[in-house]
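Coordinate analysis (summary)
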Amino acid sequence: MEALDIARWQFGITTVYHFLMVPLTIGLGLLVAVLQTCWLRTGKAEYLRMTKFWGKLFLINFILGVATGIVQEFQFGLAWSEYSRFVGDVFGAPLAMEALLAFFLESTFLGLWIFGWKKLPAKIHLACLWIAVLGSVVSAYFILVANSWMQHPVGVEVINGRPQMVDAWAVFTNNTALVAFPHTIFGALAVAGGFLLGISWYHLWKRRQLGIDTVDEKKRVIVGESPEHPGRDKTDHKVWLRGLRIGAVVAMVAFAGTAISGDLQGKLMFEQQPMKMAAAEAACQNGTSFSVLSFGDVGSSNCNDVVAVIEVPGLLSFLAHGDFNTEVKGVSSLIPEYQAKYGSTLPNNPIYGDRAGQPIQYVPVMAVTYWGFRMMIGFGGLAAFAAFVALIIARKGTVPSSKWLMRLAVLGILAPFGANSAGWIFTELGRQPFVVAPNPQMDGIDPVFMFTAAAVSPGVSAAELIFSLVAFTAVYGVLLVVEVALLVKYIRGGVPSAMPELIEKKDSDQSQKDDDDVLAFAY
Amino acid sequence: METLPTIWFILIAVLWAGYLFLEGFDLGVGMLMKLFARENRERRVLLNTVGPVWDGNEVWLITAVGAMFAAFPRWYAALLSALYLPMILVLLGLIFRAVGFEYRGKVNSERWRSGWDWAIFGGSLISAFGVGTALVLTSTGLPLNANGDRVGGAFAWFNGYTLLGGAAVVLFCLIQALAFLALKTDGLLRARARRLFARWAPVALLPLLLWAVLVGVGGAKLIGWLAIAVAVLTAVAAVLAARRGREGWSFISLGVFLLAVVGSIFYNLYPRVLPSSLSASFDLTIQNASSSAYTLGLMSVIACFGVPLVLAYQGWTYWVFRKRISPASIPA
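The shown structure was predicted, so the numbers you read here are calculated from the model rather than taken from an experiment.

Thresholds, definitions, all that
- Here the residue numbering is sequential within each chain, running from 1 through the sequence in written order.
- Both sets of labels track the order of writing: A upward for chains, 1 upward for ligands.
- The model is predicted, so local features are restricted to residues of pLDDT at least 70 and side-chain atom pairs to those at 80 or more, both for listing and for counting; the totals for chains, interfaces and linings are taken over all residues.
- Values reported for side chains reflect all heavy atoms of the structure, with hydrogen atoms and water molecules removed beforehand.
- Secondary structure elements are taken from DSSP: a helix is a run of H or I of four residues or more, a strand is a run of E of two residues or more, and numbering for both begins at the N terminus.
- When we talk radius of gyration, it's over C-alpha atoms, and the globule rule is simply 2.2 Å times the number of residues to the 0.38.
- Burial classes: relative accessible area under 20% of the type maximum marks a residue as buried, over 50% as exposed, and values in between as partly exposed (1.4 Å probe, protein chains only).
- Residues are treated as being in contact if the distance between any of their heavy atoms lies within 4.5 Å.
- Per-residue accessibility takes into account occlusion by the displayed protein chains alone, with areas from the Shrake-Rupley method and a 1.4 Å probe.
- Each Phe, Tyr or Trp ring (for Trp, its six-membered ring) is paired with any other whose centre lies within 6.5 Å, and the angle between the two planes then decides the class: stacked below 30 degrees, edge-to-face above 60, tilted in between.
- Placement of a charge over a ring requires the Lys NZ or Arg CZ to be within 6 Å of the ring centre, with the centre-to-atom vector within 35 degrees of the ring normal.
- We call a pair of cysteine sulfur atoms a disulfide whenever their separation is within 2.5 Å.

Brief notes about the overall build of chain A
On a plain count of helices and strands, chain A comes out with 16 helices and eight strands. Against the globule reference of 24 Å for 523 residues, chain A gives a C-alpha radius of gyration of 25 Å, in line with a compact fold. Over its C-alpha atoms, taken along the principal directions, chain A stretches across nearly 80 × 55 × 40 Å. The 523 residues of chain A split such that 58% are buried. Sequence-distant contacts in chain A: of pairs separated by 6 or more residues, those separated by 24 or more amount to 76%. Counting only carbon and sulfur atoms, one obtains 64% of the accessible surface of chain A, whose full area is about 21100 Å².

Overview of the environment of P275 of chain B
Residues and elements named next belong to chain B. Looking at the secondary structure, you find P275 in the loop between β1 (272-274) and β2 (284-285). Sequence-wise, P275 and L309 are 34 residues apart; in three dimensions their C-alpha atoms are separated by 33 Å. Among all residues touching P275, those that are not within four sequence positions of it are T138, S139, T140, G141, L142, L269 and D283.

Focus on the packing of aromatic side chains
Counted according to the given criterion, the structure contains 52 aromatic pairs over all chains. Taken together, Y338, Y342, Y352, Y362, F434, F449 and F451 of chain A form an aromatic cluster joined through their ring pairs. The ring centre of Y490 of chain A lies 5.2 Å from the NZ or CZ of K489 of chain A, which sits over that ring. One Lys or Arg, R192 of chain B, reaches over the ring of F36 of chain B and ends 4.4 Å from the middle of that ring.

Here we look at the state of the cysteines
Residue and element names in this part refer to chain A. If you walk through the whole model with that rule in mind, you get zero disulfides over all chains. The closest cysteine sulfur to the non-disulfide-bonded C38 is located on C128, 19 Å from its own sulfur. The class for C38 is partly exposed, based on a relative accessible area of 25%.

Okay, here's the thing in structure tokens:
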């Protein structure tokens, strides 16, 4: 493998990994903030327990997102120095703003929230969480502004061979970013919804299993108490049932949100990156039908190898233009257009190294775009449908005692994660061979674009990249195992794992509330 | 007009100074987990002195690097790609450290805790060393060609300065952490930290001073030397204050020392941002490495509003958690 390919694998692995943590951070953060708000307003014990329990899981996940996020900010300079030089004038700004306006808020106020229980007045303590969560949402916006500029470069002019920002408003209100932002936030809520749903289901099932809760002849729940935890158990039941319902509703709303914003995003993409959408369809020829399923070799370079088996007439036109009979361009008619505009071989510029003069492959890896697109929608829809079914099954106050259903609910946690990852992989690989995709809407040729082949660091060797690729992959792999193990441990422990005072209450009467307690929370 | 690039040069120097000052002590506390704390309860005291603030401190690094990207993209690109291996190690170090802080107390097992203690120690050590490497080489130069790319292979950055800069930052962090612990803990820990600080500060601050002097010899500007003189005086003041049990003054003096040293280094570097050791004509300067006036203007507006805000709420955090911590304040 040459340096370029290794650098691409590294970027892909580190980014997809980072984006396993991010949606859960954003989505769960929002939900925990809402739960704590409910607690403050109603004073009900179950809301405090929910805040503590889900907050604990939130923190275990949060830290890995933070730790892997720093890698993201450094690696443009590390492995993609030519890219950084080319786009620094416009791309660096949202990154720096993310750090200054969002990361500081997020990390400082989360620190205040973690350690501020009982130290800060209740309302200020809650405000700290809201500010931290707001920080993570703002951070998502800045990152999407930066990413959207790579998808649809606006607000710049090429001066001395490099794009210079001339219109910050255009950059920060890039229509690509404005639809990607709600799409990403809803995607994050879908993850959080599934997470709440699956884990709450597990605990309700466990209570059935232990015989704490039973059902009457009408399948309505009879909430019981285990002898070891009198007084605690009835509240626990509320914690899980409410968690299940909130999770399911959030998951369904989030799916509707992703679908609507995704549709808008798709329509923009048909204009801005027609090749990406043609590849998402594995559509060779111009047409109006959307293929639900295709057979053949979608990875083949000759896309005529792909044969659609199930097609919905007119749907493709609707996705692209909002009507049913406008033809959408296929790969075969797009290739000559791209070649006419941007050349059919890489220019003879030292920036391309050995790759100068090589033919340019304008069609992204179709197997990835085609299946990425379908997995995104499929997993998302599946999760929303499952949430709907779960809500119906649990409407009488508990879940069936079926182990098989419980496993399905827990497994279902993964579906929104899969949808998020697939969506990112689709949109980033679909952009190839460009790292900054040119804008075909402009008259003539928009000079603001960059081939990925030109973006890699010229001074960095393949050996260095292999070292870092292996190191990141190994460390990330180990940390994923550790994170999941910790999550499982705390999930199994239930509410008391996040509120040890619930266990120790009986035998520690002498440890009265110490007003001089310096730490409300301690590492 | 070079006003905007100069402002951004100063702002980036401030961000690096802020990073070294703030994360200086939490990186140092990370290393002291193995070098200073004797048993689990002491380690938990150490962790909790930085617990609410270390993550916020780390953002100073992210902001410094982000500001380099936005204001001087060629500086960012050249420095990070030339220092590929050490920067990867810094990133891995920061990952282990961050995860260690958060996960250490999550499982009640001696092996688990000890493993994460090593991760926190090693991660802090490697990160501090790597940051020192990057900063020293941006002030003394790297073998860069006309495009700003490293010449001479994966280890072309390795020289005496690398070791000096790495050692300077590691030792500064350790001393800074002792000053911080003397200020933030109580009882035996406080006394031990203060004693160790007074004994080792004169030695531990030397490499940083030497670095400033070496950069000064190249630039030889009067204000740079004055700053170094201030640094020497404040270092002495910090030790004297510690001996008299005035931990607050000792900590503040150390902060002024750092500002003076970083100030003199960046002042002597100006208007270069990253010299090339191959040819002065390849030097990256505030003129040839900066973004457009438009971008710098936009970023200036954001910084004018953002930096004071950050200082205000981070200051508030330190106020909220101002109480001293001792083993007695650690719950079971």
